[in-house]
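# Chains, contacts and geometry: an overview
Residue strings, one per chain:
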Amino acid sequence: QPSLLHKYKGILFSAMSSEELLDSLDSFDAREDDIFLVSYPKSGTHWVAEVIENIPNAGITLTSPIEWGDVSKLKELKMVPERRVIPTHLSYEMIPATVKQKQCKIVYVVRNPKDTAVSLFHYYKDNPNLPSTETWAAFLELWEKHKNDQNVLFLFYEEMKNDFAKSLKKITAFLGISVNDSEMSKIARNTSFNEMKSKVVKENCDPNHTICALTSNRNLVFHVFPGVVGDWINYFTPKQKRVFDEVFTEKMRHSDVGRCLKEYANAV
Ligand code: A3P
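Below you will find a few notes about this structure. Because the structure is a prediction, the values reported are computed rather than measured.

Below, the discussion takes up the side chain of Asn112. Along the chain, Asn112 falls in the loop between β6 (105-110) and α5 (113-126). Using a relative accessible area of 0% as the deciding quantity, one classes Asn112 as buried. Within the structure, Asn112 has its side chain in polar contact with the side chain of Asp115 (distance 3.0 Å). When neighbours within four sequence positions are excluded, Asn112 is seen to be in contact with Glu158, Val229, Leu261, Tyr264 and Ala265.

Pasting the structure below:
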């Protein structure tokens, strides 16, 4: 059986990301109106993608992840006539240079690390294509430096759960698309966990309809228990929590996002 993983510049990638594509990323020709949707795996990528896709008259096309596929990928992206929303789990450094030069809009989704870890645990268990990850803290750190760039929006999963309307307003304002109140409510309805899950259950496994580089099975995104905040308590022993918190405190010493997440991370 061929290996499902390979290492590229020290980072593990699934075999779905060909080395040739990763080599050619810097020749990607970004458009000024491109939107990148960046996240560490299991932070709520599909949710935010669905929200953006549900904005009426946004004139956008959600593509598969930029790092997913073979050399023909960049050509494929070139063919997309509409404004592109391009998901990715790439680190800041690996994002193509033109994206940074043109200051494309970037939406970065953050989720408290304990729930992210549990979510990833389920995902690993159920998914034959193991994901490509550095550690969460290292990934976040590279992005956090750009948190206040005017073309970057940081979104917290927990904030979206607590006050969806507020997060949605942030997204539409950031993208510069106006949406009225009834459209707002409709988006909220269409992108609720239950609505998204029931749609996915009916869907066939279509590899062209995925924004996850790690599986074409969208069912895996929604495991049995709905995306809840604080599910980690059912998995971490008190000792594991203590060790986790120590590592977190140490690694996040200088992080503003870390301070916000500390609240979320302990939330039950
Ligand atoms: P859980 O595994 O904790 O349930 P990603 O899309 O980055 O892979 O993240 C997957 C996580 O987002 C899963 O978390 C999934 O349940 C959660 N999620 C997906 N859609 C959601 C929605 N509409 N509302 C809340 N959480 C959602």
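Further remarks concern the packing of helix α11 (residues 238-251) against helix α12 (residues 256-266). The contact between α11 and α12 brings their axes to 11 Å, and the two run at 170 degrees. What the angle tells us is that α11 and α12 run roughly antiparallel. For the pair α11 and α12, the contacting residues are Lys241, Asp245, Phe248 and Thr249 in the first and Gly258, Leu261, Lys262 and Asn266 in the second. Residue composition of the contact of α11 with α12, grouped by class: two nonpolar, three polar and three charged.

Of all the five residues making up strand β3 (residues 35-39), five are buried; the element is thus mostly covered by neighbouring parts of the structure. Going residue by residue along β3, you find Ile35, Leu37 and Ser39 tucked away on one face and Phe36 and Val38 tucked away on the opposite face as well. In this structure, β3 lies alongside strand β5 (residues 83-88), joined through four bridges in parallel fashion. For Val38, the partnering residue across the bridge sits in β5 and is Thr88. Pairing analysis gives five bridges linking β3 to β6, with the strands arranged parallel. Across the sheet, residue Leu37 finds its bridge partner in β6, namely Val107.

Where a protein is soluble and globular, its nonpolar side chains tend to be buried together. Ranked by size, the top nonpolar core spans 40 residues in total, and within it Phe28, Ile66, Val110, Trp136 and Trp143 carry the most contacts. Here this core gets six residues from one element, more than from any other, and that element is helix α6 (residues 136-144). When neighbours within four sequence positions are excluded, Trp143 is seen to be in contact with Val38, Leu90, Ser91, Tyr92, Ile95, Ile106, Tyr108 and Phe154. In this structure, Ile55, Leu153, Phe174 and Met184 belong to the second largest nonpolar core, which totals 27 residues.

Once that is clear, we can look at the sheet that holds β3. Spatial strand order, β4-β5-β3-β6-β7: five strands in an open sheet with parallel pairing. With one partner strand each, in any of the chains shown, β4 (60-62) and β7 (152-156) form the two edges of the open sheet. Each strand of the sheet is rotated relative to its neighbour by a mean of 20 degrees, with strand direction disregarded. Relative to β7, β6 is paired through five bridges, and the arrangement is parallel. Bridge pairing in β7 places Val110 opposite Phe156.

Take the packing of helix α2 (residues 45-53) against helix α8 (residues 164-175) next. α8 packs onto α2 with a crossing angle of 65 degrees between their chain directions and a minimal axis gap of 11 Å. Here α2 runs over α8; the crossing is right-handed. Between α2 and α8, the contacting residues are Trp47, Val51 and Ile52 on the first element and Phe164, Leu168, Ile171 and Leu175 on the second. For the contact of α2 with α8, the residue count by class is seven nonpolar, no polar and no charged.

Our focus in this paragraph is the pairing of strand β1 (residues 5-8). Direction of pairing for β1 relative to strand β2 (residues 11-14): antiparallel, over a ladder of four bridges. Along β2, the bridge assignment pairs Lys7 with Leu12. The hairpin turn running from β1 into β2, its antiparallel successor, is two residues long, and Lys9 in that turn takes a positive phi close to 45 degrees.

Aromatic ring pairs: the centre-centre distance and the angle between the two ring planes describe each pair. Per the counting criterion, the structure on display carries 13 aromatic pairs. Look at Trp136 and Phe248: their rings are 6.2 Å apart centre to centre, the planes differ by 25 degrees, and that puts the pair in the stacked class. Within this pair, whereas Trp136 is found in helix α6, its partner Phe248 is found in helix α11, the two being separated by 112 residues in sequence. With a relative accessible area of 8%, Phe248 lands in the buried category. Following the ring pairs from residue to residue traces out a cluster consisting of Tyr40, Tyr92, Tyr108, Phe139, Trp143 and Phe154. Just above the ring of Tyr92 sits the side chain of Lys100; from NZ or CZ to the centre is 4.5 Å. When the ring centre of Phe174 is taken as origin, the NZ or CZ atom of Lys105, which lies over that ring, is 5.4 Å away.

Cut-offs applied
Residues numbered from 1 in each chain as written. Predicted model: local features only at pLDDT ≥ 70, side-chain atom pairs only at ≥ 80, totals over all residues. Heavy atoms only, no water. Helix = DSSP H or I, 4+ residues; strand = E, 2+ residues; numbered from the N terminus. Buried < 20%, exposed > 50% of the residue type's maximum accessible area, 1.4 Å probe, protein only. Polar contact = N/O pair within 3.5 Å; in protein donor to acceptor, adjacent residues only side chain to side chain. Contact = heavy atoms within 4.5 Å. Axes fitted to C-alpha atoms, helices over the stretch in contact; angles between N-to-C directions. Parallel < 35°, antiparallel > 145°, perpendicular 65-115°, else oblique. Nonpolar A, V, L, I, M, F, W, Y, C, P; charged D, E, K, R; others polar. Pairing = 2+ DSSP bridges. Core = buried A, V, L, I, M, F, W, Y, C linked by side-chain atoms within 4.5 Å. Left-handed = near helix turned anticlockwise from the far one by under 90°. Phe/Tyr/Trp six-rings, centres within 6.5 Å; stacked < 30°, edge-to-face > 60°. Lys NZ or Arg CZ within 6 Å of the ring centre and 35° of its normal.

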